Amino acid sequence: MDGHGRVIYIGTFSKVLFPALRIGYLVVPPALLPEAVRARLAFDLFPPTLYQSALAEFLAEGHFVRHLRRMRGVYQARRAALLDGLARHCGDRLVVHNADAGLHVAVLLPDGRDDTDLVRRMGERGLTATALSTCYAGPARRSGLLLGFGGSDERRLLEATRVLGEILREPG
């Protein structure tokens, strides 16, 4: 993918396997490998070798690939349920901005809608989301929500979008 040796790819196994595993990875061009190893050693002298060895065996035996294939279908069904629920219950109150990849969907709210207040009101009804306006580094901010779907089944996602639709229709 990187024909010029300029791309560094950083990832973690936390979302695709188990959050408490806390093992990440770094794919670097060969020319940067010595420097990457030096940086790694400077950050942590005692890496979790037991977990790394178990993970290496898990990968080598093909279990990770099978897990990814199975979870891809699970997450596609969950994403579809979330998008269906948003269209059904919230479609006139928000716009889906990005639903192509990952375990979150970004939705934009109309101008003037306070996303932090909306997140607070969602919390009062048992829902969680991240206010999109809190994710910007600069002064230009859009009001919206980051909605995660990876940890909920389809039935729960449809119910959550129904409740979100109710909250969006409340004054405020």
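Up top is the structure.
Residues numbered from 1 in each chain as written. Predicted model: local features only at pLDDT ≥ 70, side-chain atom pairs only at ≥ 80, totals over all residues. Heavy atoms only, no water.

Description of the nonpolar core
- Counting residues in each nonpolar core, the largest one holds 25 residues, and the members touching the most others are L86, L94, M122, L145, L147 and L164.
- Contacts of L86, omitting those with residues within four sequence positions, involve G91, L94, V96, V107, L147, T161 and L164. (Core = buried A, V, L, I, M, F, W, Y, C linked by side-chain atoms within 4.5 Å. Buried < 20%, exposed > 50% of the residue type's maximum accessible area, 1.4 Å probe, protein only. Contact = heavy atoms within 4.5 Å.)

Section: helix α5 (residues 154-169)
- In this model α5 runs 23 Å from its N-terminal to its C-terminal C-alpha over 16 residues, within 8% of the 22 Å that 1.5 Å per residue would give.
- When α5 is considered as a whole, its buried residues turn out to be L157, A160, T161, V163, L164, G165, I167 and L168.
- Check the buried side of α5 and you find it contacts α3 (63-90), α4 (115-124) and β6 (144-148).
- Measuring from the backbone nitrogen of R155 back to the side-chain oxygen at the start of α5 gives 3.2 Å, which picks out D153 as the cap. (Helix = DSSP H or I, 4+ residues; strand = E, 2+ residues; numbered from the N terminus. Expected span 1.5 Å × (residues − 1). Polar contact = N/O pair within 3.5 Å; in protein donor to acceptor, adjacent residues only side chain to side chain.)

Some remarks on the pattern of salt bridges
- The full count for this structure, using the stated rule, is 12 salt bridges.
- Across the pair R169 and D92 runs a salt bridge whose closest N-O atoms are separated by 2.7 Å. Residue R169 is found in helix α5, and its partner D92 is found in the loop between α3 and β3 (95-98); the two are separated by 77 residues along the sequence.
- A salt bridge links E166 to R125; the nearest nitrogen and oxygen atoms lie 2.5 Å apart. With E166 in helix α5 and R125 in the loop between α4 and β5 (130-131), this residue pair connects regions lying 41 residues apart in the sequence.
- Under the relative-accessibility criterion, E166 is labelled partly exposed at 33%.
- If you follow the salt bridges from partner to partner, you end up with D117, R120, R121, E124, R125, E159, R162, E166 and E170 in one network. (Salt bridge = Lys/Arg side-chain N within 4 Å of Asp/Glu carboxyl O.)

Quick notes on the packing of α3 against α5
- For the pair α3 and α5, the least separation of the axes is 8 Å and the interaxial angle reads 25°. What the angle tells us is that α3 and α5 run roughly parallel. In the crossing of α3 with α5, the sense of the turn from one axis to the other is right-handed. Where α3 abuts α5, its residues V74, A77, R78, A81, L82, D84, G85, L86, R88, H89 and C90 lie against E154, L157, L158, T161, R162, L164, G165, L168 and R169.
- For the contact of α3 with α5, a count of residues per class yields 10 nonpolar, 4 polar and 6 charged. (Axes fitted to C-alpha atoms, helices over the stretch in contact; angles between N-to-C directions. Parallel < 35°, antiparallel > 145°, perpendicular 65-115°, else oblique. Left-handed = near helix turned anticlockwise from the far one by under 90°. Nonpolar A, V, L, I, M, F, W, Y, C, P; charged D, E, K, R; others polar.)

Observations concerning the packing of aromatic side chains
- Per the stated rule, a full pass over the model turns up 3 aromatic pairs.
- With centroids separated by 5.5 Å and ring planes inclined at 75°, the aromatic side chains of F13 and F64 adopt a geometry described as edge-to-face. Separated by 51 residues along the polypeptide, F13 in the loop between β1 (9-12) and β2 (24-27) and F64 in helix α3 bring together distant segments of the chain. As far as burial versus exposure is concerned, F13 and F64 are alike and both buried.
- One aromatic cluster is present, built from ring pairs that chain together Y9, F13, Y25 and F64. (Phe/Tyr/Trp six-rings, centres within 6.5 Å; stacked < 30°, edge-to-face > 60°.)

Notes on the sheet that holds β6
- In space, the 4 strands of this open sheet follow the order β3-β4-β6-β5, with antiparallel pairing throughout. Only two strands of the sheet have a single neighbouring strand rather than two, namely β3 and β5.
- Of the strand pairs in this sheet, β3 and strand β4 (residues 104-108) are connected by 3 bridges, and their pairing is antiparallel. Paired with N98 across the two strands is A106, which belongs to β4.
- Along the sheet face, α3 touches β3, β4 and β6 and points at about 20° away from the line of β4. (Pairing = 2+ DSSP bridges.)

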